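# Observations on chain architecture
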Amino acid sequence: MLNPEVYILAIESSCDDTAAAVLCNDKVLSNVVANQLVHTQYGGVVPELASRAHQQNIVPVIDAALKKANISKEQLSAIAFTQGPGLMGSLLVGSSFAKSMALALNIPLIAVNHMQAHILAHFIDEAGYDKPEFPFIALTISGGHTQIVRVGNYFDMTIIGETTDDAVGEAFDKTAKILGLPYPGGPLVDKNAQLGNPKAFKFTKPKVPGLDFSFSGLKTAILYFIQKNKAENPNFIDENINDICASIQYTIIEILMDKLKMAVKETGIKQIAIGGGVSANSGIRNTLKEAYAKYGWKTFVPKFEYTTDNAAMIGIVGYQKFLSQNFENASVVSKARIQF
Ligand code: KG4
Ligand code: ZN
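No experiment lies behind these values; they were computed from the predicted model shown.

### What about the overall build of the protein chain?
Secondary structure summary: the protein chain contains 9 helices and 10 strands in total. Against the globule reference of 20 Å for 340 residues, the protein chain gives a C-alpha radius of gyration of 20 Å, in line with a compact fold. Taken along its principal axes, the extent of the C-alpha atoms in the protein chain is 70 × 45 × 30 Å. Excluding contacts between residues fewer than 6 apart, the proportion of contacts in the protein chain whose partners are at least 24 apart in sequence is 73%. Carbon and sulfur atoms provide 52% of the accessible area of the protein chain, an area that totals close to 15200 Å². Put simply, the protein chain has 30 plus and 31 minus side-chain charges, and the middle of one group is 3 Å from the middle of the other.

### Some thoughts on helix α7 (residues 236-267)
The terminal C-alpha atoms of α7, which comprises 32 residues, lie 44 Å apart, in line with the 46 Å expected from a rise of 1.5 Å per residue. Its axis deflected by about 55° at Asn-242, α7 carries its strongest bend there. Just downstream of α7, Gly-268 is the residue with a positive phi angle, here 75°.

### With respect to the coordination of the zinc ion (ligand 2)
Binding of the zinc ion (ligand 2) to the protein goes through His-114 (NE2), His-118 (NE2) and Asp-309 (OD), at separations of 2.0 to 2.2 Å. Counting the intervening residues between successive donors of the zinc ion (ligand 2) yields the motif H-x3-H-x190-D. With His-114 in helix α3 (residues 114-120) and Asp-309 in the loop between β10 (298-300) and α9 (312-323), this pair connects stretches of sequence that are 195 residues apart. For the pair His-114 and Asp-309, one class covers both residues: buried.

### Here we look at the nonpolar core
One finds Leu-179, Ile-252 and Leu-256 to be the most contacted residues of the largest nonpolar core, which totals 45 residues. Put simply, the parts of the chain that give this core at least two residues each are β6 (136-141), α4 (168-178), α5 (186-193), α6 (216-232), α7, β9 (271-275) and α8 (282-295). Among the elements that take part in this core, α7 stands out by supplying 15 residues, more than any other. Residues contacting Leu-256, with those up to four places away along its chain left out, are Leu-139, Ile-141, Thr-146, Val-168, Phe-213, Phe-215 and Ile-284. One finds Ala-21, Val-112, Ala-312 and Ile-314 within the second-largest nonpolar core, a separate group that totals 32 residues.

### Notes on the domain arrangement of the protein chain
According to the domain assignment, the protein chain consists of domain 1 (7-122 + 307-323) and domain 2 (130-301). When each unit is reduced to the centre of its C-alpha atoms, the spacing between domain 1 and domain 2 is 27 Å. In this assembly, 18 residues from domain 1 lie in contact with 26 residues from domain 2. The contact between domain 1 and domain 2 buries some 1800 Å² in all, and 71% of this surface belongs to carbon and sulfur atoms. It is Met-115, Ile-119 and His-122 that lose the most area in domain 1 upon contact with domain 2, and together they represent 38% of the buried surface on that side. Taken together, the connections running from domain 1 to domain 2 amount to 0 salt bridges. Here domain 1 is connected to domain 2 by 3 residue pairs in polar contact (both at pLDDT 80 or more). Sorting the residues of the side of domain 1 that touches domain 2 by element identifies α3 and α9 as the ones contributing at least two each. For the side of domain 1 that touches domain 2, the element with the highest residue contribution is α3, accounting for 5 residues.

### Focus: the packing of aromatic side chains
Summed over all chains, the structure comprises 12 aromatic pairs. For the pair Tyr-295 and Trp-297, a centre-to-centre distance of 5.0 Å together with 35° between the ring planes defines the contact as tilted. Judged by relative accessible area, which is 3%, Trp-297 ranks as buried. Taken together, the ring pairs connect Phe-123, Phe-134, Phe-136 and Tyr-154 into an aromatic cluster.

### Some points on the sheet that holds strand β5 (residues 109-113)
What the 5 strands build is an open sheet, ordered β3-β2-β1-β4-β5; its pairing is mixed. The two strands at the open ends of the sheet, each matched to only one other strand, are β3 (27-35) and β5. Strand-to-strand twist across the sheet, computed as the mean angle between neighbouring axes with direction ignored, equals 20°. Pairing of strand β2 (residues 17-24) with β3, which is carried by 8 bridges, proceeds in the antiparallel orientation. Bridging from a neighbouring strand, Leu-23 pairs with Val-28 of β3.

### Section: the side chain of Thr-299
Turning to its location among the elements, Thr-299 is positioned in strand β10. There is a polar contact of 2.9 Å between the side chain of Thr-299 and the backbone oxygen of Leu-288. Not counting residues within four places of it along the chain, the set of residues in contact with Thr-299 comprises Ile-272, Leu-288, Lys-289 and Ala-291.

### Regarding the sheet that holds β10
Taken in spatial order, the 5 strands line up as β8-β7-β6-β9-β10 in an open sheet, and their pairing is mixed. Where the open sheet ends on each side, the last strands, each with one partner, are β8 (156-162) and β10. The sheet shows a mean angle of 25° between the axes of neighbouring strands, direction not considered. Bridge count for strand β7 (residues 146-153) against β8 is 6 bridges, and the pairing is antiparallel. Residue pairing for β8: Val-149 is matched across the bridge by Ile-159. In this fold α7 packs onto β6, β7, β8 and β9, with an angle of close to 155° to the strand it touches most, β6.

Conventions and cut-offs
- Residues numbered from 1 in each chain as written.
- Chains lettered and ligands numbered in written order.
- Predicted model: local features only at pLDDT ≥ 70, side-chain atom pairs only at ≥ 80, totals over all residues.
- Heavy atoms only, no water.
- Helix = DSSP H or I, 4+ residues; strand = E, 2+ residues; numbered from the N terminus.
- Rg over C-alpha atoms; globule rule 2.2 N^0.38 Å.
- Contact = heavy atoms within 4.5 Å.
- Areas by Shrake-Rupley, 256 points an atom, 1.4 Å probe, with all protein chains shown as cover.
- Lys, Arg positive; Asp, Glu negative; His and termini not counted.
- Charge placed at Lys NZ, Arg CZ, Asp CG, Glu CD.
- Expected span 1.5 Å × (residues − 1).
- Bend = angle between axes of the 7 residues up to and from the residue.
- Donors = N, O, S within 2.8 Å, 3.2 Å for Na, K, Ca; no water.
- Buried < 20%, exposed > 50% of the residue type's maximum accessible area, 1.4 Å probe, protein only.
- Core = buried A, V, L, I, M, F, W, Y, C linked by side-chain atoms within 4.5 Å.
- Domains from an automatic or database assignment.
- Buried area = accessible area lost by both parts, 1.4 Å probe.
- Salt bridge = Lys/Arg side-chain N within 4 Å of Asp/Glu carboxyl O.
- Polar contact = N/O pair within 3.5 Å; in protein donor to acceptor, adjacent residues only side chain to side chain.
- Phe/Tyr/Trp six-rings, centres within 6.5 Å; stacked < 30°, edge-to-face > 60°.
- Pairing = 2+ DSSP bridges.
- Axes fitted to C-alpha atoms, helices over the stretch in contact; angles between N-to-C directions.

Here's what the structure looks like:
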């Protein structure tokens, strides 16, 4: 008979956030994230620096998560960690720590796929948030991925569309860089966009067959647009930053919505759940919330803190895997690339 109260310590270290969370069954007791500011000056994540920062952060972050949850490590039922995808040097810090701690405490070790976690974050029990019913369509949009996934069950996931080049988060970050905004630019584009006119400037949407995406053409189009306008008016960016950001964001949302409409038509599924860092975007959140009235879709937008990288989402997958006794031994390896 299973212990009715399962306490999972979850560790996430796939990119540049060191995160730890404690869950009691599907409820989050603590969710701690240490962001790495060291990358800002380089305009992107520097893998070796990320790995080093994870090593500095991991002990205090885990300690804070346990203290905040008011749980001693002896009460833990299992330890879940991100196996991949991600930066190898970053993943190894989390996995080594998780393995050692699980061995020391003699409790099960659970490996979690980061992209599955972005999707299953919707199953965290949170007042005011409904959970999607299977099957549903998940749109995972982050700095590393852009995927449309058919979710048949917790671990029955099929990618039905994905980017052929840049991820949507990269589209935000790289265009932000063109505009002279610091890394990561996505949240800043969002902030400026809220004050601008989304139809001030028009950018051509890429023509990609099926449910796949492409964002590299948009980035180039924006670069040429800025170069051309700056040649005519050196202050073009400063004078129009809100309208430029609003127009770029509008185009990106249109690209995503076109493919979602196609996915709904192809699958007949009208439940859409979004996940990944870019689902923090206010324009995307509002557009999806309006989609019920417009298209009859039931949409699920996670609580803000479960959209960007966090360990609570790793914990909810850990909990599901715990229920099915899906454990690993210490020989489990980290994977920079991993499919569902
Ligand atoms: O899921 P995530 O935290 O890390 C990855 O797994 O990649 O996603 C990070 C990405 C970055 O590209 C960041 O710029 C973007 O999410 N992002 C946003 C917003 N907040 C984060 N993009 C647009 N609008 C936002 N509000
Ligand atoms: Zn992520």
